[in-house]
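One-letter residues, chain by chain:
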Amino acid sequence: MNIRTRLVAGSLSGLAVLAGAVAATSPAAVADAARTARVAAAEPVVQTGTLSADAALKIADAALKEAVKQKQRVTVVIVDRSGATRLVLKGDGAGPQTEESARRKAFTAVSFGRTTSELGKGINGGGPSIADIPGTLFLGGGVPVASGGAPVAGIGVGGAPSGDIDESIAQAALKAVAGQLR
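Rules of the game
- Residues numbered from 1 in each chain as written.
- Predicted model: local features only at pLDDT ≥ 70, side-chain atom pairs only at ≥ 80, totals over all residues.
- Heavy atoms only, no water.
- Helix = DSSP H or I, 4+ residues; strand = E, 2+ residues; numbered from the N terminus.
- Expected span 1.5 Å × (residues − 1).
- Buried < 20%, exposed > 50% of the residue type's maximum accessible area, 1.4 Å probe, protein only.
- Arc of directions from axis to C-beta.
- Phe/Tyr/Trp six-rings, centres within 6.5 Å; stacked < 30°, edge-to-face > 60°.
- Pairing = 2+ DSSP bridges.
- Axes fitted to C-alpha atoms, helices over the stretch in contact; angles between N-to-C directions.
- Contact = heavy atoms within 4.5 Å.
- Parallel < 35°, antiparallel > 145°, perpendicular 65-115°, else oblique.
- Left-handed = near helix turned anticlockwise from the far one by under 90°.

Chemist: Looking at this structure, how should I read helix α3 (residues 53–69)?
Modeler: One full turn of an α-helix is made of 3.6 residues, so residues set three or four places apart face in the same direction. With 17 residues, α3 should cover 24 Å at 1.5 Å per step; its first-to-last C-alpha distance of 24 Å lies within 8% of that length. Three or more residues of α3 are buried, namely Ala-55, Ala-56, Ile-59, Ala-60, Ala-62, Ala-63, Glu-66 and Ala-67. All buried residues of α3 fall inside an arc of 165 degrees around its axis, so they share one side. In α3, the exposed positions that point more than 90 degrees away from the buried face belong to Leu-57, Lys-65, Val-68 and Lys-69.

Here it is as structure tokens:
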């Protein structure tokens, strides 16, 4: 028997053993094997939504216009789903601390998919909490941007004398693209 004949014979006997094993298994085991195969066949690359540069610019422009309307000196930061900074726009007269606070608010909003003012209400100081996560800030002014029910970006505004004002500016900015988000 040559090597080619042995390989074919070995493969056929292996298939016969496998067929016998499958025939002898319960329907539940077959279903479990099918589920495992589907999971194993899942795509190795996952596509996620990203806020376009144009949309980020529209948001930032709307935020600064709202800040001027409210007579506030703020910085606006837009982050993507992973928390990476996409845009920083520091308004005239905004203080040096405003960029960092706006970035952390945007990061917090996109990370948890909720406004930072809403998240801040759940912090009681009675032990470890989400406020202990590095890079987060639970002052008002961070608003998530969602598409298809999932956060795709975060808007952070910092510089007004209260988080409520920062958040009102961020909410007004979100309206600039709200009709375009799916």
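Chemist: Sorry, what's going on with the packing of aromatic side chains here?
Modeler: Centre-to-centre distance and the angle between the planes together describe a pair of aromatic rings. Scanning the entire structure with this criterion turns up 1 aromatic pair. Consider the rings of Phe-112 and Phe-138, whose centres lie 6.2 Å apart with planes at 50 degrees: the pair is tilted. In this pair, Phe-112 sits in helix α4 (residues 98–112) while Phe-138 sits in the loop between α5 (116–120) and β3 (142–147), placing the two residues 26 residues apart along the sequence. Classification of Phe-112 as partly exposed rests on a relative accessible area of 30%. Accessibility expressed as a relative area gives 13% for Phe-138, which makes it buried.

Chemist: Teacher, can you tell me more about the sheet that holds strand β2 (residues 85–90) here?
Modeler: Two modes of strand pairing occur in sheets, parallel and antiparallel, and in both the strands are linked by backbone hydrogen bonds. Here we have 4 strands laid out as an open sheet, ordered β2-β1-β4-β3, and antiparallel in their pairing. Because the sheet does not close on itself, it has two edges, and the strands there are β2 and β3. Each strand axis lies, on average, 15 degrees off the axis of its neighbour in the sheet, ignoring direction. For β3 and strand β4 (residues 150–158), the ladder comprises 6 bridges, and the chain directions are antiparallel. Paired with Ser-147 across the two strands is Ala-150, which belongs to β4. On the sheet, α3 packs against β1 (75–80), β2, β3 and β4 and is oriented at approximately 25 degrees with respect to β2. Where helix α6 (residues 163–174) meets the sheet, it contacts β3 and β4, and its direction lies at approximately 20 degrees from that of β3.

Chemist: Would you mind going over the packing of α3 against α6 with me for this structure?
Modeler: Axis angle and axis distance: for two packed helices, these are the angle between their axes and the distance between the axes, and together they describe the pair. Put simply, α3 and α6 touch, their axes get as near as 8 Å, and they point 135 degrees apart. Of the possible angle classes, the one that applies to α3 and α6 is oblique. Between α3 and α6 lies a crossing of right-handed hand. The residues of α6 that touch α3, namely those facing Ile-59, Ala-62, Ala-63, Glu-66 and Ala-67, are Ile-169, Ala-172 and Ala-173.

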